[in-house]
Amino acid sequence: MSDIRHRLMTSKTDIGDSRVADIPSSGDLRDGEVVLSLDRFSLTTNNITYAAYGDALRYWTLFPTGEDGFGMMPVWGFADVTASRAPGVDVGARVFGYFPMADTLVVQAEKIGRGGFADASPWRQKGPDIYNRYVLCAGDRYYSAGLENSEALFRPLFITSYTVVDFLRENGFFGARQIVVSSASSKTAYGAAWCLQDDDIRVVALTGARNRPFVEGLDVYDAVHGYEAVEALDAASPTLYLDLAGDPDLRRRVHARFGADLTYDCLVGSTQSDSFTADDPDLTGPRPVFFFAATCLDSHRAKGTLHAFYDRFLADQSRFFERVVDPTSPWIRIVERQGLGAAASVIRSLADGASDPAEGAIIRIVR
């Protein structure tokens, strides 16, 4: 089936339940509008996080469906400009950015420059500015057509890895001497561990039995333990919990294990839960604090330090990409799948925790 004029919608009550539907006609283009035709996008546990917090953090509002109970799960990817009534955004231009899983997206282009533009559609203004920006590949000195798949997979994840480590460093790791990382097989988790390799702090991985060999093979954690071993973790040092799992039961166990020596609970993602339970009455110790990378970037922008931050980030990101795809010992293999139907299957696997951490999923739109 061709994906032309189709979209993939997600049930808000069952993230693994997706359905293909027609895209409603938007009529003729108005002044300033641009049609972006999606070509390829990545699917990772990060997208499951977007859906899990779709209501709490308003991700569902960014690409409204007009249908109760179903939302558009946001994805990162590459698209081509196929129609434009915005001066400075030319037909044929290649862009990278934030999309719904749909053949096309109509945006209201503003803040147009050599490097890109923003979508000024009213419903996009409810989220951080970074989600509204589209990068023009021709103006991106780091763009490489041959690395589009790697960039689609890791660019949106590594920025979270990088900013959370930056945030923790700026706060002196909240006095911790070790960091316990849940869902350690996730790309955001091991990206953060990679960033921490030169810091004087012990990084301990928590993962499921199925993913443990993969996590150990990364060689970026000081120790790797299964979830069943939480109660046996070394609790003699002040500890920070970097939570990528979002599992409330696991969180209670971690808090109970470290007690007063748990200095901070940094909730980054939700690979194993579909709710945010910061107000859990059964939780001892510090309340979980949700980390939002986009807010940090907006803060850099407000302080005038965004350019310097990006210079540092992009250089380190290039080194990370080189490590991930190192031909002598790659951390992942990238697998391309065709069509929105294939995307639905990948989402089901991610939502069920059954995906292979050594595989990076790229979806191509079928035309």
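The structure presented is a predicted model; accordingly, all values stated were derived computationally and were not measured.

Thresholds applied
- Residues numbered from 1 in each chain as written.
- Predicted model: local features only at pLDDT ≥ 70, side-chain atom pairs only at ≥ 80, totals over all residues.
- Heavy atoms only, no water.
- Buried < 20%, exposed > 50% of the residue type's maximum accessible area, 1.4 Å probe, protein only.
- Helix = DSSP H or I, 4+ residues; strand = E, 2+ residues; numbered from the N terminus.
- Pairing = 2+ DSSP bridges.
- Phe/Tyr/Trp six-rings, centres within 6.5 Å; stacked < 30°, edge-to-face > 60°.
- Lys NZ or Arg CZ within 6 Å of the ring centre and 35° of its normal.
- Salt bridge = Lys/Arg side-chain N within 4 Å of Asp/Glu carboxyl O.
- Contact = heavy atoms within 4.5 Å.
- Axes fitted to C-alpha atoms, helices over the stretch in contact; angles between N-to-C directions.
- Expected span 1.5 Å × (residues − 1).

Caption draft 1: Examining the pairing of strand β9 (residues 133–136) more closely. Of the two faces of β9, only one is covered, namely that formed by Y134 and L136; the face formed by R133 and V135 stays uncovered. Relative to β9, strand β6 (residues 94–99) runs antiparallel, the two being bridged by two bridges. Bridge assignment links F96 to a residue of β9, and that residue is V135. Examined bridge by bridge, strand β8 (residues 116–119) and β9 share three bridges and lie antiparallel to one another. Opposite G116, over in β9, you have V135 as the bridge partner.

Caption draft 2: Layout of the packing of aromatic side chains. Inspection of every chain in the model, using the stated rule, returns 36 aromatic pairs. Here Y190 and W331 contribute two aromatic rings whose centre-to-centre distance is 5.4 Å and whose plane-to-plane angle is 80°, an arrangement assigned as edge-to-face. Placement of the pair is Y190 in helix α3 (residues 187–195) and W331 in the loop between α7 (306–324) and β16 (333–338), with a sequence separation of 141 residues. Accessibility assignment for this pair places Y190 and W331 in one class, buried. A centroid spacing of 6.1 Å and a plane angle of 5° characterise the contact between F309 and F313, whose relative ring orientation is stacked. In this pair, F309 and F313 are both assigned in helix α7, four residues apart and thus about one turn of the helix distant. Taking the relative accessible area as the measure of exposure, F313 reaches 2% and is therefore buried. Note that R19 overlies the ring of F70, its terminal NZ or CZ placed 4.1 Å from the centroid.

Caption draft 3: Spotlight on the pattern of salt bridges. Per the counting criterion, the structure on display carries 34 salt bridges. The partner of D119 in a salt bridge is R124, and the shortest N-O contact between them spans 2.9 Å. For the pair shown, D119 and R124 are each scored as buried. With a shortest N-O distance of 2.7 Å, R337 and E359 are connected by a salt bridge. Note that R337 is positioned in strand β16 and E359 in strand β17 (residues 359–364), a separation of 22 residues in sequence. On the basis of relative accessible area, R337 is assigned to the partly exposed category, the value being 25%.

Caption draft 4: Spatial organisation of the sheet that holds strand β12 (residues 223–226). Taken together, six strands build an open sheet; the order of strands is β12-β11-β10-β13-β14-β15 and the sheet is parallel. The sheet is open, and its two edges are formed by β12 and β15 (289–290), each paired on a single side. Two strands pair when backbone bridges link them, and strand β10 (residues 178–181) and strand β13 (residues 239–243) are joined in this way by four bridges, in the parallel orientation. In the sheet register, Q178 faces β13, and the bridge partner there is T239. The strands that helix α2 (residues 148–170) touches are β10, β13 and β14 (262–267); relative to β13, the one it contacts most, it runs at about 160°.

Caption draft 5: Structural detail: α7. Given a rise of 1.5 Å per residue, 19 residues ought to cover 27 Å, and the 26 Å separating the end C-alpha atoms of α7 matches this to within 8%. Of the positions making up α7, those classed as buried are L306, F309, F313, L314, D316, Q317, F320, F321 and V324. Along its buried surface, α7 packs onto α2, α3 and α6 (293–303).

Caption draft 6: Fine view of unusual backbone geometry. The backbone phi angle of R5 is positive, close to 60°, even though this residue is not glycine. On the secondary structure map, R5 appears in the segment before β1 (6–11). Positive phi is not limited to glycine here, since D219 has a value of about 60°. You can see D219 is positioned in the loop between α4 (212–218) and β12. Of the residues examined, D219 reaches a relative accessible area of 62% and is grouped as exposed.

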